[in-house]
Amino acid sequence: MAKVTELVTKLALPVVEEAGCELWDVEYVREAGTWFLRIYIDKAEGVDILDCENVSRVLSDLLDEADPIEGSYTLEVSSAGAERPLKRPGDYERFMGSPVAVKLYKARNGRKEFAGVLAGYENGDVTITVGGTAMTFAKDEVALCRLRIEF
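Owing to the predicted nature of the structure, the values given are computational and were not obtained by experimental measurement. Each chain has its residues counted from 1, running along the sequence as written. Under the rules for a predicted model, residues below a pLDDT of 70 receive no local features and side-chain atom pairs below 80 are neither given nor counted, while totals for whole chains, interfaces and linings still include all residues. The basis for every side-chain value is the complete set of non-hydrogen atoms in the structure, without hydrogens or water.

### Overview of the packing of aromatic side chains
Worth spelling out the cut-off: Between 30 and 60 degrees the pair is tilted, below 30 it is stacked and above 60 it is edge-to-face, where a pair is any two Phe, Tyr or Trp rings, Trp via its six-membered ring, whose centres lie within 6.5 Å. Numbering of helices and strands starts at the N terminus; helices are DSSP runs of H or I of at least 4 residues and strands are runs of E of at least 2. Accessibility here uses a 1.4 Å probe with only protein chains present; expressed as a share of the type maximum, an area under 20% marks a residue as buried, one over 50% as exposed, and anything in between as partly exposed. In this analysis the charged atom, NZ for Lys or CZ for Arg, is taken to sit over a ring once it is within 6 Å of the ring centre and within 35 degrees of the ring normal.
According to the stated counting rule, one finds 4 aromatic pairs in the structure shown. Between Tyr-28 and Trp-35, the ring centres sit 4.5 Å apart and the planes meet at 15°, which makes this aromatic pair stacked. On the numbers, 3.9 Å between centres and 10° between planes, the contact of Tyr-92 with Tyr-121 is stacked. Here Tyr-92 is found in helix H3 (residues 89–94), whereas its partner Tyr-121 is found in strand E5 (residues 111–122), with 29 residues between them in sequence. On the basis of relative accessible area, Tyr-121 is assigned to the partly exposed category, the value being 26%. The ring of Trp-24 is capped by Arg-84, whose NZ or CZ atom sits 4.7 Å from the centre of that ring. The residue whose ring lies beneath Arg-88 is Trp-24, and the NZ or CZ to ring-centre distance is 5.2 Å.

### Here's the deal with the packing of helix H1 (residues 4–18) against helix H2 (residues 49–66)
The criterion, for reference: Between N-to-C directions, angles span 0 to 180 degrees; the directions come from axes that are lines fitted to C-alpha atoms, helices contributing only their stretch in contact. Here a crossing is called left-handed whenever its near helix is offset anticlockwise from the far helix by less than a right angle, and right-handed whenever the offset is clockwise. Should any heavy atoms of two residues lie within 4.5 Å, those residues are counted as being in contact. Residues are grouped as follows: Ala, Val, Leu, Ile, Met, Phe, Trp, Tyr, Cys and Pro are nonpolar; Asp, Glu, Lys and Arg are charged; all remaining types, including Gly, are polar.
At a minimum axis distance of 10 Å, the contact between H1 and H2 shows a crossing angle of 145°. Between H1 and H2 the crossing geometry is right-handed. Across from Val-8, Leu-11, Ala-12, Val-15 and Val-16 in H1, the residues of H2 making contact are Val-55, Val-58, Leu-59, Leu-62, Leu-63 and Ala-66. Taken together, the residues of the contact of H1 with H2 break down into 11 nonpolar, no polar and no charged.

### Points about a negative patch on the surface
How we decide: Patches draw on residues past 30% relative accessible area with no salt bridge. Two like charges within 9 Å are joined, as are two nonpolar side chains (Val, Leu, Ile, Met, Phe, Trp, Tyr) within 5 Å. Shrake-Rupley sampling with a 1.4 Å probe provides the accessible areas, and residues are treated as covered by the protein chains on show and by no other component. By definition here, a salt bridge exists when the distance from a side-chain nitrogen of Lys or Arg to a carboxyl oxygen of Asp or Glu is within 4 Å. For this count, His and the chain ends are skipped, Lys and Arg are scored as positive, and Asp and Glu as negative. Charge positions come from single atoms, namely NZ of Lys, CZ of Arg, CG of Asp or CD of Glu.
A cluster of like negative charges, contributed by Asp-61, Asp-64, Glu-65, Asp-67 and Glu-70, occupies part of the molecular surface. Within the secondary structure layout, Glu-70 lies in the loop between H2 and strand E3 (74–79).

### Thoughts on the side chain of Asp-42
The line we're drawing: Polar contacts, as counted here, are pairs of nitrogen or oxygen atoms within 3.5 Å of one another; within protein the pair requires one atom able to donate a hydrogen and one able to accept it, and residues that are adjacent in sequence qualify only if both atoms are side-chain atoms.
Within the element layout of this structure, Asp-42 appears in strand E2 (residues 34–42). There is a polar contact of 2.7 Å between the side chain of Asp-42 and the side chain of Arg-84. Reaching out from Asp-42, the side chain makes a polar contact with the side chain of Arg-94 at a distance of 3.2 Å. Residues in contact with Asp-42, not counting those within four places in the same chain, are Cys-21, Glu-22, Val-47, Arg-84 and Arg-94.

### Quick notes on the sheet that holds strand E6 (residues 125–130)
As a reminder, the rule being used: What makes two strands pair is DSSP finding at least two bridges between them.
Strands sit in the order E7-E6-E5-E4-E8 across an open sheet of 5 strands; the sheet is antiparallel. Of all the strands in the sheet, just strand E7 (133–137) and strand E8 (142–147) have a single pairing partner and so form its edges. Averaged over all neighbouring strand pairs, the angle between strand axes comes to 40°, with direction disregarded. Of the strand pairs in this sheet, strand E4 (residues 99–108) and E8 are connected by 5 bridges, and their pairing is antiparallel. Residue pairing in the sheet places Ala-101 in a bridge with Arg-146 of E8.

The values reported here are purely geometric and, on their own, carry no functional implication.
Here it is in structure tokens:
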């Protein structure tokens, strides 16, 4: 049987595209005893509350009709955010050369987080440049890689 996120992605994709947005991610998570279905959207000029509302309204009706999720849950539609996590190979390609933060499962040289510029991505391994020095983190070391806003 397909995962909830896969089923919802198929339903959400045309709705999100019709709203002039891009589907960034779908999460189905349990927090404090409540299930949340989170739809993250993006668009070049930025997502506003009306984009989220429009997608939410149409998608809510589709989800009620298709009923891909047993039990109750809370539907949330929001922007992917400025400091969004990078998950798919295409995300890394799109943001190559951008500032990122890499969080590790285990400390390396006494640190679990490194900030730098995304310089490479191959088979899940992430390379960043920090002060002109390239650092590569193996796929199984990386807990999270997200965009980072510099001020």
